[in-house]
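# Coordinate analysis (summary)
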Number of protein chains: 2
Amino acid sequence: MAADRLGAQRRRRPTRAGTVLSHELIVATAIRLVDLHGSDGLSVRRLGAALGADPSAIYRYFTGTDDLVRAVADSLIGRALDGFVPGPSWRAALAEMGERIYAGCLARPRAAVLTAARVTGRVHEIQAVEVGLGILRGAGFGVAAASRSYHAFIDLTLGYAMLDAAALALSGAGDVAAWGDVYAGLPSGSHPNIAACAGSLEQAMSGSAYASALGFFLDGLTLELERGEKVGGRFGGPENRL
Amino acid sequence: MAADRLGAQRRRRPTRAGTVLSHELIVATAIRLVDLHGSDGLSVRRLGAALGADPSAIYRYFTGTDDLVRAVADSLIGRALDGFVPGPSWRAALAEMGERIYAGCLARPRAAVLTAARVTGRVHEIQAVEVGLGILRGAGFGVAAASRSYHAFIDLTLGYAMLDAAALALSGAGDVAAWGDVYAGLPSGSHPNIAACAGSLEQAMSGSAYASALGFFLDGLTLELERGEKVGGRFGGPENRL
DNA sequence: ACCTGAACACCGTTCAAGT
DNA sequence: ACCTGAACACCGTTCAAGT
């Protein structure tokens, strides 16, 4: 489309296969590869083949695998938060932001496992931090409290997302079968609690605990905010003084 | 020691270098490799070299890399909870269990990144689940609620552990420098919240949010328990009826 | 200016052969 | 019974050479 012509600032020579490379195309192809074959399925050589280019051409766009993975991570953040506009309620806004990121990770579990622990330092992540801090400061947190709370919030979200994504990505392949296989068969003599919980354990482990954990977390923040308002006025706790 | 002779049931032929292989020795050597060279530094070939054995000898003990990594994960769980005996307070017991696992991961961040998302299905993990469920059931949760809560608890702990371990493992190498580099330099025109929080953001991101998140979580569980006691007597909520 | 292709130094895993 | 060694099919990354 027209966007392609505008997006590609410099004119690229087409590859042998005729495709014109770009950061965006390489990232999109990488995501497709990971979705299809898992994170082990992403290699510079396969990526080259999928793009119809020599593998070494990728090093014109990214300094290496690490740089590429960070770009993938940032692209996924961008997709998850695309069109997100925080509403007036800070609690609802934070909840929506968390659920969008969580859902984005679970939608592409294999990519999430690869990227969820990375700090990208790129546009979409920066935008997310800006918006997240804005929500918290708007709620009444001072800069130190907002920074701390954002950190706790995003780690909570990415932590659950990564673990649940890992469980999903590996299901069938081995790991998660354990909950149905080894845990279901343990004798009540040696493992009374596991035996008692056998049925519900498997169910609990396959579901997600994020929603309830987020609820607890937001309750905690609300409480902190109320205490802060009593002590230090609308803009919060003592850290605001520093 | 004597334990070695007892532990090694079958007699092993020593390798060319004279070492006698065992599951334990291979796992311990793998952990040492990861500590030293990061998770990329763990390879069957390097492991063979470190053990003084042909790489292919490892396949006599583990079905493949995956199996080995799960064994490493389980060994780390065992070390983290070694000697752990839950006290009478379920809240304190759960808190100690979480902090031990979290601390264990942060003590070996490179290994934690490799293993924290894995379900091992092995002795030490099973023991941890048994103890964790015991704490929650002892607190008064029914089997379904205990299963759900254990899941939420362990994912909270491992999620924060993995993210903080990843930050630690990569610090200097790139990722985390971003908080000091790119985020500190953003103009207040385009990113007012980040600019306002610049100083405290870097500090917040390098610290851990686990302790406070765990506090929120335990508060939530306490509340749930109190509600359950009102509704369903000592052994908890409606799920107990099923 | 950008892509290619050969080269280097690695991987995991299998299986017949040794002891 | 257990370890070895060659073999197979892969890796990431670099750099001179092509167009």
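Before reading further, recall that the structure is shown in the block above.
Let me begin by describing the structure that accompanies this report. (Residues numbered from 1 in each chain as written. Chains lettered and ligands numbered in written order. Predicted model: local features only at pLDDT ≥ 70, side-chain atom pairs only at ≥ 80, totals over all residues. Heavy atoms only, no water.)

### Examining the interface of chain A and chain B
Listed by partner, the interface residues are 57 residues for chain A and 57 residues for chain B. Roughly 4800 Å² of surface becomes buried between chain A and chain B when both sides are summed, with 67% attributable to carbon and sulfur atoms. Looking at the side of chain A facing chain B, the largest losses of area belong to Glu130, Leu163 and Phe216 of chain A, adding up to 14% of the total buried there. One can count zero salt bridges joining chain A with chain B. Seen at the junction of chain A and chain B, the total is 20 residue pairs in polar contact (both at pLDDT 80 or more). For the side of chain A that touches chain B, the secondary-structure elements that each account for two or more residues are α4 (65-80), α7 (123-139), α8 (143-170), α9 (177-180), α10 (192-206) and α11 (210-232) of chain A. Looking at the side of chain A that touches chain B, the element that brings in the most residues is α8 of chain A, giving 17 residues. (Contact = heavy atoms within 4.5 Å. Buried area = accessible area lost by both parts, 1.4 Å probe. Salt bridge = Lys/Arg side-chain N within 4 Å of Asp/Glu carboxyl O. Polar contact = N/O pair within 3.5 Å; in protein donor to acceptor, adjacent residues only side chain to side chain. Helix = DSSP H or I, 4+ residues; strand = E, 2+ residues; numbered from the N terminus.)

### Some thoughts on helix α7 (residues 123-139) of chain B
Note that an α-helix has 3.6 residues per turn; residues three or four places apart therefore point the same way. All names here are of chain B. The end-to-end C-alpha distance of α7 is 24 Å, a good match for the 24 Å that 17 residues give at a rise of 1.5 Å each. Every buried residue of α7 is accounted for by Glu125, Ile126, Ala128, Val129, Glu130, Val131, Gly132, Leu133, Ile135, Leu136 and Ala139. Two residues or fewer after α7 comes Gly140, characterised by a positive phi angle close to 120°. (Expected span 1.5 Å × (residues − 1). Buried < 20%, exposed > 50% of the residue type's maximum accessible area, 1.4 Å probe, protein only.)

### Topic: the pattern of salt bridges
Inspection of the entire model under this criterion finds 12 salt bridges over all chains. In this structure, Arg108 of chain B engages Asp35 of chain B in a salt bridge whose closest nitrogen and oxygen atoms are separated by 2.4 Å. In this pair, Arg108 of chain B sits in the loop between α5 (90-107) and α6 (109-115) while Asp35 of chain B sits in helix α2 (residues 23-37), placing the two residues 73 residues apart along the sequence. In this structure, Asp66 of chain B engages Arg118 of chain B in a salt bridge whose closest nitrogen and oxygen atoms are separated by 3.2 Å. Highlighted residues: Asp66 of chain B in helix α4 (residues 65-81) and Arg118 of chain B in the loop between α6 and α7, separated in sequence by 52 residues. Arg118 of chain B sits in the buried class, given a relative accessible area of 16%. Connected through salt bridges with shared partners, the residues Asp66, Arg70 and Arg118 of chain A form a single ionic network.

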